[in-house]
Amino acid sequence: MSIYVGNLSYSVTQDDLTKVFSEYGSVKRVQLPTDRETGRARGFGFVEMETSAAEDAAIQALDGAEWMGRVMKVNKARPREEKSTRSGGGNWGRNASGYSRHY
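Residues numbered from 1 in each chain as written. Predicted model: local features only at pLDDT ≥ 70, side-chain atom pairs only at ≥ 80, totals over all residues. Heavy atoms only, no water.

A. Molecular detail of the side chain of Ser 9. Positionally, Ser 9 belongs in the loop between strand 1 (2-6) and helix 1 (14-21). Look at Ser 9 and you get buried, because its relative accessible area is 14%. Among the polar contacts listed, one links the side chain of Ser 9 to the side chain of Ser 11, at a separation of 2.9 Å. Among all residues touching Ser 9, those that are not within four sequence positions of it are Met 68 and Arg 70. (Helix = DSSP H or I, 4+ residues; strand = E, 2+ residues; numbered from the N terminus. Buried < 20%, exposed > 50% of the residue type's maximum accessible area, 1.4 Å probe, protein only. Polar contact = N/O pair within 3.5 Å; in protein donor to acceptor, adjacent residues only side chain to side chain. Contact = heavy atoms within 4.5 Å.)

Right, here's the structure in full:
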């Protein structure tokens with residue numbers, strides 16, 4: 001399981017998050033998603049720790065804590081939702097054979 005960390009400063013680094021969370025246990029991995037177009041941090045990240053006890057301790061201690069001038073939002077990350085493909089929407093002017101009839 002991983003931890004969601006929100007409302008982060010845009011200048012935060014993976015090393016910064018690792019240092020903060022390592023006070024509560026061993027950190028396995030830190031991810032800071034970036035914007036595809038600008039390459040800038042998106043203001044949130046994910047931290048994976050060695051044990052669920054370490055995760056719980058970090059969440060308890062850091063949720064609502066002020067860090068780098070911002071109040072962090074820290075909780076268990078929810079599983080990523082699958083993006084559904086658009087379906088439905090009718091035939092968009094096509095009959096059952098797929099072609100429009102214009103008279």
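B. Quick peek at the environment of Arg 70. The residue Arg 70 is located in strand 5 (residues 70-71) in this model. The class for Arg 70 is partly exposed, based on a relative accessible area of 27%. Along the backbone, Arg 70 and Leu 8 are 62 residues apart, and their C-alpha atoms lie at a distance of 6.6 Å. Discounting residues that sit within four places of it in the chain, Arg 70 has contacts with Asn 7, Leu 8, Ser 9, Tyr 10 and Ala 65.

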